[in-house]
Amino acid sequence: MKSPRLFLAAALAMAVIVAVALIPVPADAAKTIKLHHLNKDDPFNNATGAMATVFKSLVEAGTNGAIEVQTFPNGQLGKDNDVVAQVKSGVIQSGIHSVGGFASAYPMMGVIDVPFAFPNISATYAVFDGPFGAKFAADIEKKTGLKVLGFGDSGGFFHFTNSKRPITSPEDMKGLKIRTMGLDTHKAVVSSLGGQPAAIAWTEVYTALQTGVADGQMNPVPIIAFAKFNEVQKYLTLSGHLFAPYVWVVNMDFWKGLSAAEQNVVSYAAKSAIVAGRGVSRAIEASDRGLASLSKDMKVNALTPEQLVKFRDASMPAVKQIIAEKHGAEGEAMMKAFLEAIAAASK
């Protein structure tokens with residue numbers, strides 16, 4: 001049974017979305033934020049839709065119309081990694097990016113891909129909103145020149161789906177072609193468990209699963225649901241092996257060109273939007289649009305604590321090794337800070 005606190009949080013997030021949508025906005029904006037995100041511009045359909053909707057209303061209302069927010073959903077501006085470059089160059093002002101797309105600008109994204117590290121979803125909030133999130137954001141800003149507005153929820157923990165068989169042990173992964181983002185750490189998770197990682201662009205995943213180019217994929221429940229992977233996948237394994245946040249950035253020159261008051265509005269609007277996105281993700285997971293709906297078409301199994309230990313022991317050392325080899329002492333230090341933050345959030 002879901003916690004009453006969970007439903008209250010989701011209800012509050014929905015209330016924020018509805019409330020900000022009712023705020024009137026003057027039409028004579030002096031500055032414009034063009035905002036890229038990967039999904040539909042529907043605040044009740046997905047996390048980035050909620051984030052973009054809340055952000056737009058709070059920014060436009062909070063600046064009295066001095067800043068207009070134009071949203072570009074569904075990857076209209078191109079592939080995610082290409083749009084990161086657009087934000088850096090100032091072609092557009094802001095983007096909410098997947099870790100796979102953002103890694104093109106910041107290769108050390110993989111340090112947060114230690115599998116089976118989080119004990120529960122609330123720990124992810126504490127880690128990315130706390131001192132580690134600030135440290136990680138500062139390093140991203142230093143290396144990329146982009147201003148980080150925050151880390152959003154991409155739908156929750158990643159789980160495995162496939163069209164071949166139930167997965168209850170690492171042995172069941174053997175030979176399965178699993179779609180991943182292009183990150184070496186994501187590939188390492190799959191290969192360490194005996195699967196065959198296949199880097200496939202997001203726009204091509206459904207067709208790849210439908211035609212058998214890939215046997216399976218890994219994503220959170222809300223993404224599996226709205227992407228309709230239940231139409232082309234038979235098995236869902238609730239593994240919860242990774243948490244991959246959205247990285248929300250803004251062009252630094254644009255940011256510096258805002259007044260202190262405008263920066264304050266943009267900052268709190270993004271933080272509020274991230275909270276709304278989390279609430280929408282949790283609500284979708286718990287509603288008949290999430291796991292309940294997927295269960296009608298897919299055979300669902302949750303890994304037991306004993307099974308999780310076997311998966312963790314098989315994959316965690318391999319990913320840690322990849323991080324050490326690819327990013328050296330700096331990467332290991334950031335990974336250590338990440339794991340220490342998780343331990344602190346788990347107390």
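Throughout this description, residue numbers start from 1 for each chain and increase along the sequence as written. This being a predicted model, a pLDDT of at least 70 is required before a residue's local features are given, and a value of 80 or more before pairs of side-chain atoms are given or counted; all residues contribute to the totals for chains, interfaces and linings. In computing side-chain values, all of the structure's heavy atoms are included and hydrogens and water are not.

Points about the sheet that holds strand β7 (residues 196–199)
Working step 1: Note on pairing: DSSP must find at least two bridges between two strands before they are called paired. A helix here means a DSSP run of H or I that spans at least four residues, while a strand means a run of E at least two residues long, and both kinds are numbered starting from the N terminus. Strands sit in the order β7-β6-β8-β5-β9-β11 across an open sheet of six strands; the sheet is mixed. The outermost strands of the open sheet, each flanked by one partner alone, are β7 and β11 (299–302). For this sheet, the mean angle separating the axes of adjacent strands, direction not counted, is 35°.
Working step 2: Sheet analysis places strand β6 (residues 177–180) next to β7, joined by four bridges and oriented parallel. What sits directly across from Arg 179, in β7, is Ala 198.
Working step 3: The contact criterion used is simple: two residues touch if any of their non-hydrogen atoms lie within 4.5 Å. Lines fitted to the C-alpha atoms define the axes, with helices restricted to the stretch that makes contact. Angles between their N-to-C directions range from 0 to 180 degrees. Across the face of the sheet, helix α7 (residues 184–192) comes into contact with β5 (157–162), β6, β7, β8 (216–219) and β9 (235–243) while running at roughly 150° to β7.

Examining the side chain of His 36
Working step 1: Along the chain, His 36 falls in strand β1 (residues 31–36).
Working step 2: We classify His 36 as buried; its relative accessible area is 0%.
Working step 3: Polar contacts here mean pairs of N or O atoms no more than 3.5 Å apart (in protein, one a potential hydrogen donor and the other a potential acceptor; neighbouring residues in sequence count only if both atoms are side-chain atoms). Within the structure, the side chain of His 36 is placed 2.8 Å from the side chain of Asp 80, a separation counted as a polar contact.
Working step 4: Setting aside its immediate chain neighbours within four residues, His 36 contacts Phe 72, Gly 75, Leu 77, Gly 78, Asp 80, Val 83, Ile 92, Ser 94, Gly 95, Ile 96 and His 97. With a 1.4 Å probe rolled over the protein chains alone, any residue whose accessible area is under 20% of its type maximum counts as buried; one over 50% counts as exposed, and the rest are partly exposed.

Brief notes about the packing of aromatic side chains
Working step 1: In summary, the pairing rule links any two rings of Phe, Tyr or Trp, Trp by its six-membered ring, whose centres are within 6.5 Å, and it sorts them by plane angle into stacked for under 30 degrees, edge-to-face for over 60 and tilted for everything else. Tallying each qualifying case throughout the model produces 16 aromatic pairs.
Working step 2: Note on Tyr 106 and Phe 136: the rings are 5.7 Å apart at their centroids and 75° apart in plane angle, and the pair reads as edge-to-face. With a gap of 30 residues between them, Tyr 106 in the loop between α4 (99–102) and α5 (121–129) and Phe 136 in helix α6 (residues 131–144) connect regions that are remote in the sequence. Accessibility assignment for this pair places Tyr 106 and Phe 136 in one class, buried.
Working step 3: Ring centres of Phe 132 and Phe 338 lie 5.4 Å apart, and the angle between their planes is 50°; this geometry places the pair in the tilted category.

As for the packing of α7 against helix α13 (residues 305–345)
Working step 1: In contact at an axis separation of 8 Å, α7 and α13 are set at 150° when each is read in the N-to-C sense. Crossing angle aside, the handedness with which α7 passes α13 is right-handed. Residues Asp 184, Thr 185, Ala 188, Val 189 and Ser 192 of α7 lie in contact with α13, whose contacting residues are Ala 314, Ser 315, Ala 318, Val 319, Ile 322, Ile 323 and Lys 326.
Working step 2: Of the residues assigned to the contact of α7 with α13, the class counts are seven nonpolar, three polar and two charged. Crossing handedness is read from the near helix: turned anticlockwise from the far helix by less than a right angle, it gives a left-handed crossing, and turned clockwise, a right-handed one. Gly is placed with the polar residues, together with every amino acid not listed as nonpolar (Ala, Val, Leu, Ile, Met, Phe, Trp, Tyr, Cys and Pro) or charged (Asp, Glu, Lys and Arg).

Digging into the layout of surface pockets
Working step 1: The calculated volume of the largest pocket comes to roughly 820 Å³.
Working step 2: Only protein atoms enter the 1 Å grid used here, on which a cavity is any set of points holding a 1.4 Å probe that cannot leave and a pocket is any open set flanked by protein within 12 Å on both sides along at least five of seven lines; residues with an atom within 4 Å of a point are listed as lining. For the largest pocket, the lining is made up of 32 residues, of which Leu 38, Arg 179, Ala 201, Trp 202 and Thr 203 are closest to its centre.
Working step 3: If you list the elements that add at least two residues to the lining of the largest pocket, you get α3 (80–89), α4, β6 and α9 (221–226).
Working step 4: With three residues, the top contributor of residues to the lining of the largest pocket is α4.
Working step 5: Split into classes, the residues belonging to the lining of the largest pocket amount to 13 nonpolar, 14 polar and five charged.
Working step 6: Grid points are joined across faces, edges and corners, and a volume is the space filled by probe spheres set on the points. Empty space within the second largest pocket amounts to approximately 620 Å³.
Working step 7: Pro 119, Asn 120, Phe 157, His 159 and Gly 240 are the residues nearest the centre of the second largest pocket, which is lined by 24 residues in total.
Working step 8: Looking at which element gives the most residues to the lining of the second largest pocket, the answer is α13, with four residues.
Working step 9: Split into classes, the residues belonging to the lining of the second largest pocket amount to 15 nonpolar, five polar and four charged.

Section: the nonpolar core
Working step 1: Nonpolar cores were defined as sets of buried Ala, Val, Leu, Ile, Met, Phe, Trp, Tyr and Cys residues, with membership established by side-chain atoms within 4.5 Å. Among the nonpolar cores identified, the biggest contains 57 residues, and Met 109, Phe 132 and Phe 136 are the most heavily contacted of them.
Working step 2: In terms of residue count, the dominant contributor to this core is α13 (10 residues).
Working step 3: Judged by nonpolar contacts, the second largest core, of 26 residues, contains Ile 33, Ile 67, Trp 248 and Leu 258.

Observations concerning α5
Working step 1: Taken residue by residue, α5 has Ala 123, Thr 124, Val 127 and Phe 128 as its buried positions. Around the axis of α5, the buried residues are gathered within 120° of arc, so they sit on the same side.
Working step 2: In this structure, the buried residues of α5 make contact with α6, β4 (146–152), β5, β9 and α13. Working note: the arc is built from the helix axis to C-beta atom directions.

Considerations on the confidence of the model for the protein
Working step 1: Scored between 0 and 100, pLDDT is the confidence that the predictor attaches to each residue. When pLDDT is averaged across the protein, the result is 92; 92% of the residues are at 70 or more.
Working step 2: Long-range and interchain partners of residues 1–27, a stretch whose pLDDT sits below 50, account for 31 contacts in this model, where long-range means more than four residues apart.

Considering the sheet that holds β1
Working step 1: One open sheet accounts for five strands, arranged β2-β1-β3-β10-β4; its pairing is mixed. If you trace the sheet from one side to the other, it starts and ends with β2 (67–72) and β4, each paired once. Recorded for the sheet is a direction-independent mean angle of 20° between the axes of neighbouring strands.
Working step 2: As judged from the six bridges shared by β4 and strand β10 (residues 246–251), these two strands associate in the antiparallel manner. Bridge pairing in β10 places Gly 150 opposite Trp 248.
Working step 3: This element, α3, spans β1, β3 (94–97), β4 and β10 of the sheet and lies at about 150° to β3.

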